[in-house]
Amino acid sequence: MKCRVLYFAALRDHANTDAESVDTLASDARGLYAQLRARHGFGMDESRLRVAVNGEFAGWNHALRDGDEVAFIPPVSGG
Amino acid sequence: MAMTSFSLSETVIDAAALTRELAQAGAGACVTFEGWVRDHNDGRAVLRLGYQAYASLAQSEGERILAEARDKFAILDVRCVHRVGLLEIGEPAVWVGVSAAHRGAAFDACRYIIDEVKSRVPIWKNEHYADGESGWLHP
């Protein structure tokens, strides 16, 4: 299946793109991040990230479906 | 109640206009907070800041925080605006305003909102340093 992945802040710089379409066999968000970490060499451990699926915060075990939009959210620093 | 009390802005925050939106006859207090761009952080000289947001989720999470504030505190109205894009030293990066019948609830709600916005809303700060480096803050 295909997911659309959004990148922000340090992950965006590291991936050198703000979004990409990813072919994945991962069943959940955790598996997808592991795949992308291997591809891009992200240094950030999943324990530091939050996940959003289709614009809502979700758990790492969130089951992914074809066409989902997934974002891995680094620690925020607004204000 | 306003349809959207939280917003992201690519342009300068108009604090006076926002404050006027909070006014109503039953309000005896108005507390506002501004977060400004500072010229240093963690011992390094900062020239400017770039703010990036996950806009759709920042909007929904910001609105959720303001709804929580309405539930928790006896307030009349509330607004919060956060800048995105490149900001110079001294510019307001975030603005929170609360009106209430009495000052206690207005102070408490304002503090609650800025604390929650800083810890939960998907917005990131990129510091541009005097030595030419830059870096995202991921506390």
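About the criteria used
- Residues numbered from 1 in each chain as written.
- Chains lettered and ligands numbered in written order.
- Predicted model: local features only at pLDDT ≥ 70, side-chain atom pairs only at ≥ 80, totals over all residues.
- Heavy atoms only, no water.
- Helix = DSSP H or I, 4+ residues; strand = E, 2+ residues; numbered from the N terminus.
- Rg over C-alpha atoms; globule rule 2.2 N^0.38 Å.
- Buried < 20%, exposed > 50% of the residue type's maximum accessible area, 1.4 Å probe, protein only.
- Areas by Shrake-Rupley, 256 points an atom, 1.4 Å probe, with all protein chains shown as cover.
- Polar contact = N/O pair within 3.5 Å; in protein donor to acceptor, adjacent residues only side chain to side chain.
- Contact = heavy atoms within 4.5 Å.
- Disulfide = S-S within 2.5 Å.

Enquirer: Outline the overall build of chain A, supporting the account with residue identities and numerical values.
Expert: Broken down by element type, chain A carries 2 helices and 5 strands. Taken from N to C terminus, the helices and strands of chain A fall in the order β-α-β-α-β-β-β. Relative to its length of 79 residues, chain A is compact, with a C-alpha radius of gyration of 11 Å against a globular reference of 12 Å. When its C-alpha atoms are laid out on the principal axes, chain A stretches across 35 × 25 × 20 Å. When each of the 79 residues of chain A is scored for burial, the buried share is 49%. Split by element, the accessible area of chain A, about 3,700 Å² in all, is 45% carbon and sulfur.

Enquirer: How would you explain the side chain of Arg83(B) if you had to name every residue and give the values?
Expert: Residue and element names in this part refer to chain B. Within the secondary structure, Arg83 sits in strand β5 (residues 75-83). Owing to a relative accessible area of 5%, Arg83 belongs among the buried residues under this scheme. Within the structure, the side chain of Arg83 is placed 3.3 Å from the backbone oxygen of Ser9, a separation counted as a polar contact. Those residues in contact with Arg83 that sit more than four places away from it in its chain are Ser9, Glu10, Thr11, Val12, Ile13, Tyr51, Glu91, Pro92 and Ala93.

Enquirer: Describe the state of the cysteines, naming the residues involved and giving the relevant values.
Expert: A full pass over the atoms with the stated rule returns 0 disulfides over all chains. The thiol of Cys80(B) is unpaired, and the distance to the nearest cysteine sulfur, on Cys110(B), comes to 8.9 Å.

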